[in-house]
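Descriptive analysis of the structure
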Amino acid sequence: MSLAPRAVLVHRRTEYEELLARHGTHGQAAFFLSSRGRSIEEVARRHGRARQALREVAAAVPLTWRRARVERADLDRFLFAPEDVVVVVGQDGLVANTAKYLSGQPVVGIDAEPGRNPGVLVRHRSADAAALLHAAAAAGGSAEELTMVEAVADDTQRLVALNEIYLGSPGHQTARYRLGSGDEESPEEGPAESQASSGVLVGTGTGATGWLRSVWLERGRPVHLPAPCDPRLLWFVREAWPSPTTGTTLVAGELGRGQGLRLTVESDRMVVFGDGMEGDAMELTWGQSVRLGIAGTSLRLVV
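Please read all numbers here as calculations on a predicted model, not as lab measurements. (Residues numbered from 1 in each chain as written. Predicted model: local features only at pLDDT ≥ 70, side-chain atom pairs only at ≥ 80, totals over all residues. Heavy atoms only, no water.)

Moving on, we come to the overall build of the protein. In terms of helices and strands, the protein carries six helices and 18 strands. In terms of overall dimensions, the protein is globule-like: its C-alpha atoms have a radius of gyration of 21 Å, near the 19 Å expected for 303 residues. Counting all 303 residues of the protein, 49% fall into the buried class. Of the roughly 14300 Å² of accessible surface on the protein, a fraction of 52% belongs to carbon and sulfur atoms. (Helix = DSSP H or I, 4+ residues; strand = E, 2+ residues; numbered from the N terminus. Rg over C-alpha atoms; globule rule 2.2 N^0.38 Å. Buried < 20%, exposed > 50% of the residue type's maximum accessible area, 1.4 Å probe, protein only. Areas by Shrake-Rupley, 256 points an atom, 1.4 Å probe, with all protein chains shown as cover.)

Written out as structure tokens, the structure is:
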């Protein structure tokens with residue numbers, strides 16, 4: 001007998017809940033906002049809409065299915081199972097935050113506040129949840145395979161991300177490292193350069209609507225941005241500094257499947273994190289290296 005699917009509802013605390021956690025009561029939160037020219041009524045209304053969407057999605061889960069809930073802050077401690085159907089109720093960024101902890105499970109994106117989100121990854125409404133859950137669990141269900149980026153360190157640490165991976169100094173100061181190619185077919189490092197910069201950004205087509213796009217525009221659109229399903233990554237060095245010992249030749253490029261970018265740390269400490277989640281980062285020390293390229297897994301976004 002096969003195991004029934006488990007619906008895992010992923011959400012995050014609303015601004016209203018964060019205000020209550022900080023200030024204790026509705027009245028104190030209202031006073032805090034009013035002192036800054038804001039009203040708590042709109043914040044409370046948005047909280048109500050978000051929680052109503054979560055209730056509607058929970059009610060749409062078939063009675064024969066198992067179910068679980070996980071808050072964004074607990075994602076790194078939650079164990080996803082192969083038979084899970086993951087339902088993200090919130091913003092586009094919450095899908096990206098969740099993607100790094102998955103290994104091929106189908107993901108349904110539900111927009112908790114239609115009109116406030118771009119809807120790139122949360123494309124559906126809570127009223128569609130029942131049909132989407134059945135489609136996600138059905139064999140051969142329709143899903144887009146969104147390319148992800150991975151970083152693999154020489155000590156076997158591994159990190160994946162849906163939008164982008166950033167490598168830099170933990171204090172956002174100057175990062176010092178050696179940058180070169182590191183293809184799977186030729187493990188030895190290719191042409192390389194010692195650099196001092198604000199860090200390195202490696203992103204996907206999904207990330208091409210955010211941070212990656214801003215750097216791409218600032219560089220004068222040197223290449224075409226990839227689409228979310230394209231097996232192609234773009235990378236940029238941020239604010240490389242020329243000196244007698246550091247160069248600015250290798251500052252941008254693209255990576256196809258099987259190609260890699262290798263970075264060797266030349267300072268006391270560097271961090272590597274994905275999709276803005278600095279609290280779940282890899283830490284590297286002097287002499288360690290990390291390879292970046294297209295991840296072996298992708299995000300299965302139910303359409």
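Take the side chain of S289 next. Examined against the element boundaries, S289 turns out to sit in strand β17 (residues 289–294). Residue classification places S289 among the buried positions, given a relative accessible area of 12%. The contacts of S289, once residues within four sequence positions are left out, are V152, A153, D154, R262, L263 and T264. (Contact = heavy atoms within 4.5 Å.)

In this section: the sheet that holds strand β16 (residues 282–285). Taken together, six strands build an open sheet; the order of strands is β13-β12-β11-β8-β15-β16 and the sheet is antiparallel. Every other strand in the sheet has two partners, leaving β13 (252–256) and β16 as the edge strands with one partner each. Direction aside, the axes of adjacent strands within the sheet are offset by 15 degrees on average. Here strand β15 (residues 269–274) runs beside β16; their pairing, made up of four bridges, is antiparallel. Pairing of V272 across the sheet is with M282, part of β16. In this fold helix α6 (residues 211–218) packs onto β8 (164–168), β11 (200–203) and β12 (232–237), with an angle of close to 60 degrees to the strand it touches most, β12. (Pairing = 2+ DSSP bridges. Axes fitted to C-alpha atoms, helices over the stretch in contact; angles between N-to-C directions.)

With that settled, the discussion passes to unusual backbone geometry. Here the phi dihedral of T156 falls at roughly 80 degrees; this positive angle occurs in a residue that is not glycine. Looking at the secondary structure, you find T156 in the loop between β6 (149–153) and β7 (158–161). Using a relative accessible area of 67% as the deciding quantity, one classes T156 as exposed. Phi is positive for R221, close to 55 degrees, though the residue is something other than glycine. With respect to the helices, strands and loops of the structure, R221 is situated in the loop between α6 and β12. R221 gets classed as exposed once you look at its relative accessible area, which sits at 53%.

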